[in-house]
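# Coordinates in review
Here are the chains, one letter per residue:
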Amino acid sequence: QRGGSFSLGVKTSKGVLDVAAAKGKKNGLPATTDDVIRGIGDVNALRGLVADAESGKKTALIPESDVRFGPAVTHPQKILMMGLNYRKHIAEVKAPMPTSPTFFSKFNNALSGHGGTVPLPTKVATKFDYETELVVVVGRRAQDVSSADALSHVFGYATGNDFTARDLQNKTSQWLLGKTPDGFGVLGPWLVTADLVGDPQNLTIETWVNGKQVQGSNTSDMIYSCADLLSYASQHMTLEPGDIIYTGTPEGVIFGKPPEQQVWLKPGDKVVSQIQKTGRLAFDLGVRSAGLAGSGG
């Protein structure tokens, strides 16, 4: 992220390749992760740049610690969120077992990236909660696809946090206000291609707050698999390349604790979400002020 715009970076063993700075006379390269997902630009030329970086040739490499990350996907047409998808999470919040996937949505204003600050709307809410989730990124148009074929439509996966204001979420029957404040859809740092992740239903998923682990589970505890969710969504709407699906959070959220044990998140807290193979997503909490928005598109 540079100011209010985004450009493509690729993680290599030597550092993060800044594609815009490295391309030189090579025109037509993908400019963002969205371009890569949608097949816009010369991906073969991009592979050449990455190979040069890995071989140690002089190119535009940035130490990972110096990168300012945007959200791993910056302009999805649709952001679908899955509620109540882990068996132990359903037990802790004492909710009935769902008979079909429960989808809701966020908007692009909610997107924010690794290493950033989520601005808390403290004037209207106080009960802020973490929800680490595996995020599915669609790579091929999907319409009425079967569960058996669904994963062939996946470009990759990312670590996400469906950050939530519980008091706003439960104010009405609609969850929108509690889920969609600026920056409440944290996503990154990496978009990892599906071939590198392999089976998405056998990944450890963890959360830390101020250095203390608060969630620890495995995606095998999902009721509806990533394939099931993509298939089900595609039966009701056409999924396009770049659309993203947050697949639900495991047990350990603040909302699932007895009321006397609920210590809600506050400005100054540090949250880390980590999923095996998709990376460690870290962010701080701040206070929303006039003119401050999330870093999404």
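First, a word on scope: everything that follows refers to the structure included in this document. The shown structure was predicted, so the numbers you read here are calculated from the model rather than taken from an experiment.

The subject of this paragraph is the pairing of strand β17 (residues 270-275). In this structure, strand β14 (residues 204-209) lies alongside β17, joined through five bridges in antiparallel fashion. Bridging across to β17, I205 finds its partner in I275. In this sheet, strand β18 (residues 279-287) lies alongside β17 in antiparallel orientation, the contact comprising six bridges. Bridged to V272 within β18 is A282. Hairpin connection, β17 to β18: the antiparallel pair is bridged by three residues, and K277 has positive phi, about 80°.

What follows concerns the sheet that holds β18. Strand order across the open sheet formed by five strands is β7-β18-β17-β14-β15, with mixed pairing between neighbours. Two strands close off the open sheet at either side, each with one partner strand: β7 (117-120) and β15 (212-218). Shown here is a sheet whose adjacent strand axes are inclined to one another by a mean of 20°, direction ignored.

A few words on helix α9 (residues 226-234). Counting buried residues along α9, seven of its nine residues qualify, which places the element largely inside the surrounding structure. Listing the buried residues of α9 in full gives C226, A227, L229, L230, S231, A233 and S234. Of the surrounding secondary structure, the elements contacted by the buried residues of α9 are β4 (79-83), β5 (102-106), β9 (132-138), α5 (147-150), β10 (154-162) and β16 (244-246).

Among the structural elements, S225 can be located in the loop between β15 and α9. Sequence separation between S225 and T172 is 53 residues; the distance between their C-alpha atoms is 28 Å.

Calculation rules
Residues numbered from 1 in each chain as written. Predicted model: local features only at pLDDT ≥ 70, side-chain atom pairs only at ≥ 80, totals over all residues. Heavy atoms only, no water. Pairing = 2+ DSSP bridges. Helix = DSSP H or I, 4+ residues; strand = E, 2+ residues; numbered from the N terminus. Axes fitted to C-alpha atoms, helices over the stretch in contact; angles between N-to-C directions. Buried < 20%, exposed > 50% of the residue type's maximum accessible area, 1.4 Å probe, protein only. Contact = heavy atoms within 4.5 Å.

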